[in-house]
Structure formats: C-alpha cells, structure tokens
Amino acid sequence: MTTPRRFEGDLPALLADLYLAGMPDYRDDLVQRIERTPQRPAWTLPERWLPVELVTSRTPAARVPWRQIGVLALIALLLAAALAAYIGSHQARLPAPFGPAGNGFIPFAKSGDIYLGDPVSGGTHPLVTGPGDDKSPVSSPDGTRIAFNRSVPGTAADGTALFDTYVVNVDGSGLSRVSFTPIADSSRLSWAPDSRRLAIIQKVAGTSGCQGPSNCLAGKFDLVDTASGASQTVATVDGLDFVQFRPPDGRELMYRALVDGKWGMFAVGLDGSPVRTLAQPNVPGEMGLSFHAAMYSADGQRIFYEHGDAGGCCQLWVMNADGTGAHEFMPLGPAWDGNAVPSPDGQWVAYWHNPNDGPIHGISIARADETGRLLAAGPVLPGFGHYLWAPDSSKILLFPNDGSSGRAFLIDPHDGSFKTVAWDSDGDLDWQRIALPG
Amino acid sequence: MDQRGTVERARRGDHDAFASLIDVHLARLDAAARLILRDPELARDAVQEALIRAWRDLPGLRDPDRFDAWLHRLTVNACLDLVRRRRRRVIEVELSPIDSPAAHDVAGDLADRQMLEEALAGLSPGHRAVVALHYLLGMPLPEVAASLRIPIGTAKSRLHYALGAMRTVVTAEPESVPAAVAGRNLA
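Description of the structure in this document.

Basis of the calculations
Residues numbered from 1 in each chain as written. Chains lettered and ligands numbered in written order. Predicted model: local features only at pLDDT ≥ 70, side-chain atom pairs only at ≥ 80, totals over all residues. Helix = DSSP H or I, 4+ residues; strand = E, 2+ residues; numbered from the N terminus. Buried ≥ 20, exposed ≤ 12 C-beta atoms within 10 Å, placed from the backbone. Contact = placed C-beta atoms within 7 Å. Pairing = 2+ DSSP bridges. Axes fitted to C-alpha atoms, helices over the stretch in contact; angles between N-to-C directions. Parallel < 35°, antiparallel > 145°, perpendicular 65-115°, else oblique. Left-handed = near helix turned anticlockwise from the far one by under 90°. Nonpolar A, V, L, I, M, F, W, Y, C, P; charged D, E, K, R; others polar. Core = buried A, V, L, I, M, F, W, Y, C linked by C-beta atoms within 7 Å.

## Observations concerning the overall build of chain B
Link 1 in the chain: If you tally the helices and strands in chain B, you get 9 helices and 0 strands.
Link 2 in the chain: The linear arrangement of helices and strands in chain B, starting from the amino end, is α-α-α-α-α-α-α-α-α.
Link 3 in the chain: Each of the 187 residues in chain B was classed as buried or not, and the buried ones make up 42%.
Link 4 in the chain: Across chain B, contacts joining residues at least 24 apart in sequence account for 70% of those joining residues at least 6 apart.

This is the structure we're talking about:
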C-alpha cells in the first residue's frame, strides 16, 4: 500500500503506468489527415491566405462523337492555317510579365483624363476622357490594357476619396468598370502577372496592438478578375499595404505585415503553401517605413527593402529571397536610403539616397551586384518623387511629388543626365511594356 | 536534429518533420487525454483535433522552444472543449465503496492502480486536467495555470484537492475522502 509520504513522488510513475500504452493505433491515420491539411500563416488572425491560381484554367472540351471528329478536324485545320496566317501578319507578340521588355507609351493622368505619351516623339493622345475624374493609370504587364481609378461621390471610412476601378484597352476600346463597390483612395492597385487580374489592397480595421500610425490598419488583399468581374479576397493581414509578385513566374508573393504590433516580412506561395518568414517581426510598429515598398530583383532571387530597427530608419538593405544573407546595400556612411527600384534587366538599382541627413537629394543608381560606384542621377529635388524604370532599362522616369515640376524627368542611368518629357501631367505615371524587337 | 530544428522544419511545412514530432509526443498526449476524458474514443478525437490544429497553426508559433508546452495546452484544451460540448451527456460513475474488502485485499501496484483510477474517476475533468498537465506531462504549475487560463491559486487549489482525493483513496483513509469524490458526474 502506498504511504501518504511517497504518494506524490510516485504519482508520475503511477500515472504513466496506468495510462501510457505505447503508440496509439490511429497514428498513421492522423499523419495522413495532417498531410491533407494546409497550414495557416504566421500570425494569429482568423483569416488565412487562400490558394490562388494565377494561370487561367482551361475548360475541358466537350466529348465529341467519333464520327464527327474527322470532319471537325479538317475544318479546324483549315481554320487554324488561315488564322495563323492572319495573326502572323497582324498581331504583335506580348512581353513576358517580368524582365526586360520594349518601351511603349507612358500612360499619365492630367486634369481628370487619361493620356498616352510617346517618350520618343513627345506626342500625346487621349485614352479616356469625359466628365469622370480619372487618375492613377497602371499598365498591365503584357501592355495591352490600362487600369485606372475614377472618382465617385462620398468619402471612405479612412477619410480619403472614393474611386471605382476601370480597365481599358490601350487603343481606347473595351472600357469597363471592374470594381463592384468603390474603393478608398488609400487603396493600392497593381496588376497580377497574368495581366488578367488586379491586386487591390484596401485598408480595413486591424487586430494588431499597434497604436497610432495609419499603417497599423489591416490590409484586405483582393484579386479581381477583369474579365468576369469576380473578386476573391485572398487574405486580410495586419499592416499589409503592398504585395510583390516574385519573378519569374509570379507564383509567390512577398509582403510586410504586423505581428503583435511589430513589422516583419513574409512570403507565401499562391498555391496555398505555408507562409515563410523572411524577416522576423521585431521592428516596432511606429517605425512605419521598415520593409516599406520592398522589391524583388529582376530575377526574383533577392529582395531590396528599407531597413529600420530601434536605432532608426532607414537604410537600403538587401536579402536573398529566402530571407538569408540580409545586409546593408552598399553602405556609404550616414544616409537616408530607400525606395529601391531594380531595373528590369537586372543590372541596376535606383534608390533614393540622402547622404548625411541633409537636404533631400534625389535618385542614385548602383549596380545591383554592389560593385562599382554610386551615381547621383537626375535633378536634385526639394522633396520626394515617384520613379520607375523604362521597360528596356534605358531610362528612369521620375515625377516630383513636391510640386517643383509639372513635367516628368527622363534620366539616363549611365551618366545621370536628364531631360523632361514633352507634356505636363499629374503625378501618376507608368510605362507600357511591349515585346522586344525581333 | 534537435527538436527545435524539427519544429522549425515543420513550421515551414515539412510533413515528415511534423510526423516525427507526432511520434515523440503522441503516446503521452493520448495518455493525458484518456486520463482527462476517461474514454479512449473521446481521447482519440481530442488528440487528433489538437494535433491537426497544431499543424495548421504551427507557423504562428513564435518560439519553437515552447512547442511542448503549446502542444500540451492544445491537447488539454481540446479535451476540455470536448467535455463542454458533451456537457449535456452526463456520465455517472459508480465508485466502489471505499471501505470495500477489494480495496484492501489486493496489495501492491495493481491495487494502487485500481484505486488511483477510481480516485481520478471521481474528480472533475478540470481537476484531472491539472493532474495530467503537472504529473503526466511534467508541466510546472505556473504553466499549468497559464495553459488552462486559470489563476495560479486556482491551479494550486485544484491540485491540492485532487491529490487529497487520490491520496485518501490510495492510502485507504476512508473517513477523509472528500464528499465530491464519492460518485460524481464527470462532465
């Protein structure tokens, strides 16, 4: 009989003897069930990233009676030959969604209308005009269509204006509204690599403990099919304010998010594979520029991002796409660096470089492999600017956001020289991608 | 590879790594669930639910070194959730009279085990959860309290009560058996 004194000491062994019975017989069944269960993302929100198929699926062909196959095949053969001859002589090839492409038009907004400008001739022509107040044109990766926003009456919950999103072909045809409900001006609009869907991130109430800055809100990430109008909410994530599709196939995307009020950077496969942590969430939420506007290199192997920590923000850093090898990009002494934009050919990185925390300077250009010298390029601006590379990497298009100029600048990345485009515009610009010659 | 590395791999979606974690923990989790629920089928349901949830939510686990405690908590809470869902189905347990000859005639471990099982049967699932976490899964009492989301004082009180009940039965002190032990509903 067990005595009271030794009872408590014996209890673990007694319980083990009583209840431990070897490996339960449902082990294999359990493992199989788990193999069929997807994991949730690296935070505790009830929402999760939903699998997304960015490749247009094909509808299976209806079964055809064998007797008719011969006749149909013959007809199809003749039609295909005729069609191939027609397409070969009339239709241009389309560029791949990532990498170098040819330079097309520059879509821009001016006085509530959307225009296309030719950077070579200087000519412009209207794309969408009328009473609507249109802005923010964004060219699809294949260069065939332009998405833009049109203002509607009312104010969003965050105090910004409301817009509907439209899509139009570059020849002005096929204008259609793709948003069922108006979106806030604070929303972010970009094309998915398939040039069919639009990625829209709208701010919604968040769950994080982060206080104060507006980027503590959550971001609701929707993919809107511009063909059908169908919208799919992929995820709602604290702090989400951008997604970057990873070259070369866009099947993975990278984003920043708040976890327990701290910034981190993450990647997720759109097939439902688990979220990967690229940078641990340990940057205080009030440092709202940390990981802001991170960008993949042209080959998708590296990520350029603004790095901040308790010591301050920001310097330009780079990491491998798996989150390893993070280090400051070409450290050149005290400076504020950020907003890296890699060139499509993978050779260069343009970024905002403000040495010694002095007056705002402008764009600097460095080789992406961190060799060579830093080149100060383009005008010195009193404020900040929005900039992007020409699809063929031969120029940088810069539009000052500080009101210092109503015309965008074209900067030569080789020597830093610059000139203005031939037209005035509002601030929102993009550059149409077309197939490379040959 | 150490468990931390295995947890990291599982957190990145490695099914094999998670299967090896299952192999390490499953038997003891099943034992804890059977102790709490006193029903092998319910225990199986609770453990499967807990492990599937662990796999699903593993990317959200901040500290891989906390995997054991986290898994224990998921399992015990799955058990208690199951009890709550089945609360309408009251289970009556008939205990052998504590002064029955059988309780005293069988000596040694076998008698201890039988009496211990009887004593545990007389406890509530909440009390058994404290016993399972502390004595079967080796969790320190403050962590037991945190896992069950109860104050540390409540955890101590439950453990004291459970120990008293078990000790009384096992050491054959009939007059000091708490009234609650003598045949209670378990749910």
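## Considering the sheet that holds strand S24 (residues 362-367) of chain A
All names here are of chain A.
Link 1 in the chain: Overall, antiparallel pairing links the 4 strands, which are arranged S22-S23-S24-S25 in an open sheet. With partners counted over all chains shown, the strands left at the sheet margins are strand S22 (335-342) and strand S25 (375-377), one partner each. Averaged over all pairs of adjacent strands, the angle between their axes in this sheet comes to 35 degrees, without regard to strand direction.
Link 2 in the chain: Of the pairings in the sheet, the one linking S24 to S25 comprises 3 bridges and is antiparallel in character. What sits directly across from Ile363, in S25, is Ala377.

## Describing the packing of helix H1 (residues 3-11) of chain B against helix H2 (residues 15-37) of chain B
All names here are of chain B.
Link 1 in the chain: Viewed as axis vectors pointing N to C, H1 and H2 meet at an angle of 135 degrees, and their least axial separation amounts to 7 Å. Between H1 and H2, the angle is such that the two are oblique. Classified by chirality, the crossing of H2 by H1 is left-handed. Facing H1, whose interface residues are Thr6, Val7, Arg9 and Ala10, H2 presents Ala17, Phe18, Ser20 and Leu21.
Link 2 in the chain: Of the residues belonging to the contact of H1 with H2, the class tally is 5 nonpolar, 2 polar and 1 charged.

## Brief notes about helix H8 (residues 141-148) of chain B
Link 1 in the chain: Residues of H8 of chain B that are buried include every one of Glu143, Val144, Ala145 and Ser147 of chain B, and no others.
Link 2 in the chain: Looking at the residues trailing H8 of chain B, positive phi occurs at Arg149 of chain B, about 55 degrees.

## Here we look at the pairing of strand S10 (residues 188-191) of chain A
All names here are of chain A.
Link 1 in the chain: What you see with S10 is a clean split: Leu189 and Trp191 sit on the buried side and Arg188 and Ser190 on the side with no burial.
Link 2 in the chain: In this sheet, strand S11 (residues 197-204) lies alongside S10 in antiparallel orientation, the contact comprising 4 bridges. When the bridges of S11 are listed, Leu189 appears paired with Ile200.

## Examining the nonpolar core
Link 1 in the chain: Judged by nonpolar contacts, the single largest core of 90 residues is most densely connected at Ile303 and Ala350 of chain A.
Link 2 in the chain: Of the residues forming this core, the biggest block, 6 residues, is contributed by strand S15 (residues 252-259) of chain A.
Link 3 in the chain: Core analysis: the next-biggest nonpolar cluster, separate from the first, contains 61 residues, Trp55, Leu116, Ala132 and Val169 of chain B among them.

## Some remarks on the environment of Val234 of chain A
All names here are of chain A.
Link 1 in the chain: By the secondary structure assignment, Val234 is in strand S13 (residues 231-238).
Link 2 in the chain: Val234 sits in the buried class, given 21 other C-beta atoms within 10 Å.
Link 3 in the chain: The spatial distance from the C-alpha of Val234 to the C-alpha of Leu223 is 6.9 Å, given a sequence separation of 11 residues.

## Looking at the interface of chain B and chain A
Link 1 in the chain: Counting from both sides, the interface comprises 35 residues of chain B and, opposite them, 37 residues of chain A.
Link 2 in the chain: When contributions to the side of chain B that touches chain A are tallied by element, the ones reaching two or more residues are H2, helix H3 (40-57), helix H6 (108-121), helix H7 (125-136) and helix H9 (152-170) of chain B.
Link 3 in the chain: Broken down by element, the side of chain B that touches chain A gets its largest block of residues, 11 residues, from H2 of chain B.
Link 4 in the chain: Of the residues that constitute the side of chain B that touches chain A, the class distribution is 19 nonpolar, 5 polar and 11 charged.

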